[in-house]
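# Examining the three-dimensional arrangement
Residues per chain are reported as follows:
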Amino acid sequence: MISSLLSGLAFTALPSISFSSILVVTIAAIVVYAVLESLHVARITAGIPGPSFVWPFLGSLIQMIFDPYPFWHNQDTYGPISWNKLLSFVFFFTRDANLSRQIFATA
């Protein structure tokens, strides 16, 4: 019974997917994600001083690991509040206790 059902169906070969097409789609997806992440960071940090450029995915992680003192000193020079990104997480740096209280009160 099953063989009679299958004999009536015309099976076609699936289109072959090459490695280069998978590579192109993967690279395109990574680029789109990086652009969307950059736009998201720009929207969150609008008007707050911070670095002019951070790498997608990593952010300022490499600078913080290999040169931590200048990293935190630069954060301090941006002003009473600044932003940066480590991995894909945006963080805000403040050196004012009252400002920190206001931030945590509204969060």
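Here the structure is shown first, and the text comes after it.
Rules used in this analysis
- Residues numbered from 1 in each chain as written.
- Predicted model: local features only at pLDDT ≥ 70, side-chain atom pairs only at ≥ 80, totals over all residues.
- Heavy atoms only, no water.
- Salt bridge = Lys/Arg side-chain N within 4 Å of Asp/Glu carboxyl O.
- Helix = DSSP H or I, 4+ residues; strand = E, 2+ residues; numbered from the N terminus.
- Buried < 20%, exposed > 50% of the residue type's maximum accessible area, 1.4 Å probe, protein only.
- Expected span 1.5 Å × (residues − 1).
- Contact = heavy atoms within 4.5 Å.

Before going further, it helps to examine the pattern of salt bridges. Counted according to the given criterion, the structure contains two salt bridges. Of the charged contacts, one joins glutamate 37 and lysine 85 as a salt bridge, the two residues approaching to 3.0 Å between their closest N and O atoms. Placement of the pair is glutamate 37 in helix H2 (residues 19-44) and lysine 85 in strand E1 (residues 81-86), with a sequence separation of 48 residues. With a shortest N-O distance of 2.8 Å, aspartate 76 and arginine 95 are connected by a salt bridge. With a gap of 19 residues between them, aspartate 76 in helix H4 (residues 68-77) and arginine 95 in the loop between strand E2 (89-94) and helix H5 (97-106) connect regions that are remote in the sequence. Since its relative accessible area comes to 29%, aspartate 76 is described here as partly exposed.

Between the first and last C-alpha of H2 there are 37 Å, a value that for 26 residues agrees with the 38 Å anticipated at 1.5 Å per step. If you check which residues of H2 are buried, you get Ala34, Glu37 and Val41. Where H2 is buried, its residues touch E1 and E2.

Glutamate 37 sits in the buried class, given a relative accessible area of 8%. What glutamate 37 contacts, discounting residues up to four positions off in sequence, is Pro56, Phe57, Lys85, Leu87 and Ser88.

Remember, this is a structural readout, not a statement about activity or role.
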